[in-house]
Amino acid sequence: MPPIELDERASEAALAIQATIPKPPKVAVVLGSGLGALANRLADRTIVPYAKIPHFPRPTVEGHEGNLVSGTVAGAPLLVFQGRFHYYEGYGLDEVTFPIRVMKRLGVRTLILTAATGGIDLSLPAGTIVCLKDHLNLIGSNPLRGPNDERVGKRFPDMTEVYSHRLRDLAFEEADKLGLNLASGVYACLPGPSYETPAEIRMLRILGADVVGMSTVPEAIVARHAGLDVLALALVTNAAAGVSGEIISHADVVEAGLKATPLIGALIEGVVQRLDAEDRQGTA
Ligand SMILES: O=P(O)(O)O[C@@H]1C[C@H](O)[C@@H](CO)O1
Ligand SMILES: Nc1nc2[nH]cnc2c(=O)[nH]1
């Protein structure tokens, strides 16, 4: 039997989700390392374990639970992907970005990506939240490689504005309300799983990167291809290699994520409530 096409797999996964969540929220968030507890802030929760969704991969990394959670924040609907897939886990980019293809079929229009990152810029210490303004795809491939589904998006999608100016403005306004000093920066995506060497970090700084991670970019590319508006919030969990001389460990990354969850959660909630208000007024 020939392998089932990606499109068909995504449609089957979306159908299975709709059996439990008949009217999925139009805003989705993907939670990065250590940020999983954000899903617990939702009210009226419906939880679908990834294991119950056909064709869905399974997270293999600590700090990525593997649940799809639908619920509300202060009355505004939100779909939470509690756990993501990374290239370094051995998954192909098709699998890494499978949740994005599925959420498109569920009717999601706005995607909020979150990620744990190393701070390259000296002005971005651990604990800083960075609103991404652009990225460097250094993963060595592209998630859109292969046949293009014209029903979803163009063969050669423009990437001039991956991270929506409108959503970034909204995030900065909400950060102001919280008294949060939100930073702005460029994310470099490397394949991992080893962290960088100090020489690699010096190279990334010259290339214009402010933070470094192992995710987010493939998801953002697939989302833009499909016409979703994207906002990405990177938490600096550690100084990048060689910046402070401190050893980097995933346990510390997860702990920093946990610590920052209330703040990044409040920011996301503010943004989601604004989007919901716009949606109700028909301006979104
Ligand atoms: O899923 P994210 O990008 O938040 O996780 C980062 C990258 C690696 O998976 C991990 C390294 O500690 O954190
Ligand atoms: N590549 C990379 N990913 C991270 N995720 C959290 N911290 C880091 C880091 O320093 N480098």
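Note that the structure is a prediction, hence the values are computed from the model and not measured.

**Re empty space enclosed by the protein**
One water molecule sets the probe size; rolling that probe over the atoms shows where empty space is left.
Next, step 1: Counted by the stated rule, this structure contains three cavities of 30 Å³ or more.
Next, step 2: Looking at the largest cavity, its volume works out to about 60 Å³.
Next, step 3: Around the largest cavity, the lining residues are V29, L31, L38, A39, L42, V73, L78, V80, G265, I268 and E269.
Next, step 4: Among the elements of the structure, β4 (76-82) and α7 (250-281) are those that each provide at least two residues to the lining of the largest cavity.

**A look at the site of ligand 2**
Next, step 1: In the region of ligand 2, the neighbouring residues are A116, T117, G118, Y195, E196, V212, G213, M214, T237, N238, I248 and V253.
Next, step 2: E196 places a polar side-chain atom, nitrogen or oxygen, 2.6 Å from a nitrogen atom of ligand 2.
Next, step 3: Here a nitrogen atom of ligand 2 sits 2.6 Å away from a polar atom, N or O, in the side chain of N238.
Next, step 4: Coverage of ligand 2 by the protein amounts to 95% of the 280 Å² it exposes when considered alone.
Next, step 5: Elements represented by at least two residues in the shell around ligand 2 include exactly β5 (110-119), β8 (211-213) and β9 (229-239).
Next, step 6: Considering each element in turn, the shell around ligand 2 owes the most residues, three residues, to β5.

**Things to note about the pattern of salt bridges**
Next, step 1: Counted under the stated rule, the structure contains 15 salt bridges.
Next, step 2: Between R151 and D149 there is a salt bridge, and its shortest N-O distance comes to 2.9 Å.
Next, step 3: Two residues, R224 and D229, come together in a salt bridge whose shortest N-O distance is 3.9 Å.
Next, step 4: Through salt bridges with shared partners, one network takes in D7, R105, D149 and R151.

**Here's the deal with a nonpolar patch on the surface**
Next, step 1: Together, L138, M203 and L207 line one region of the surface with nonpolar side chains, adding up to about 250 Å² of accessible area.
Next, step 2: Locating M203 in the fold gives a position in helix α5 (residues 198-207).
Next, step 3: The exposure class of M203 is partly exposed, given its relative accessible area of 42%.

**Here's the deal with unusual backbone geometry**
Next, step 1: With an omega of 0 degrees, the peptide bond running from G192 to P193 counts as cis.
Next, step 2: Mapped onto the fold, P193 is located in the loop between β7 (183-189) and α5.
Next, step 3: Despite not being glycine, H55 shows a phi value in the positive range, around 70 degrees.
Next, step 4: The topology assignment puts H55 in the loop between β2 (43-49) and β3 (67-73).
Next, step 5: The backbone of T216 shows a phi angle near 70 degrees, a positive value even though the residue is not glycine.
Next, step 6: Along the chain, T216 falls in the loop between β8 and α6 (217-225).
Next, step 7: The class for T216 is buried, based on a relative accessible area of 2%.

**Considering the UniProt feature "binding site: a purine D-ribonucleoside" (unreviewed entry) in the protein chain**
Next, step 1: Residues annotated in UniProt with the feature "binding site: a purine D-ribonucleoside" (unreviewed entry) correspond here to E196 and N238. Considering the C-alpha atoms alone, the annotated residues occupy 43 residues of sequence yet fold into one spot, their largest mutual distance being 12.3 Å.
Next, step 2: Within the secondary structure, E196 sits in the loop between β7 and α5.
Next, step 3: Accessibility expressed as a relative area gives 10% for E196, which makes it buried.
Next, step 4: In this view, E196 contacts L190, I201, L204, V212 and A241; residues no more than four positions away in its chain are not counted.
Next, step 5: Among the structural elements, N238 can be located in strand β9.

Cut-offs used in this document
Residues numbered from 1 in each chain as written. Chains lettered and ligands numbered in written order. Predicted model: local features only at pLDDT ≥ 70, side-chain atom pairs only at ≥ 80, totals over all residues. Heavy atoms only, no water. 1 Å grid on protein atoms, 1.4 Å probe; cavity = no way out; pocket = protein on both sides within 12 Å on 5 of 7 lines; lining within 4 Å. Points joined across faces, edges and corners; volume = space filled by probe spheres on them. Helix = DSSP H or I, 4+ residues; strand = E, 2+ residues; numbered from the N terminus. Near = heavy atom within 4 Å. Polar contact = N/O pair within 3.5 Å; in protein donor to acceptor, adjacent residues only side chain to side chain. Areas by Shrake-Rupley, 256 points an atom, 1.4 Å probe, with all protein chains shown as cover. Salt bridge = Lys/Arg side-chain N within 4 Å of Asp/Glu carboxyl O. Patch = residues over 30% accessible without salt bridge, like charges linked within 9 Å, V, L, I, M, F, W, Y side chains within 5 Å. Buried < 20%, exposed > 50% of the residue type's maximum accessible area, 1.4 Å probe, protein only. UniProt positions renumbered as here; feature names shortened; annotations may be inferred. Contact = heavy atoms within 4.5 Å.

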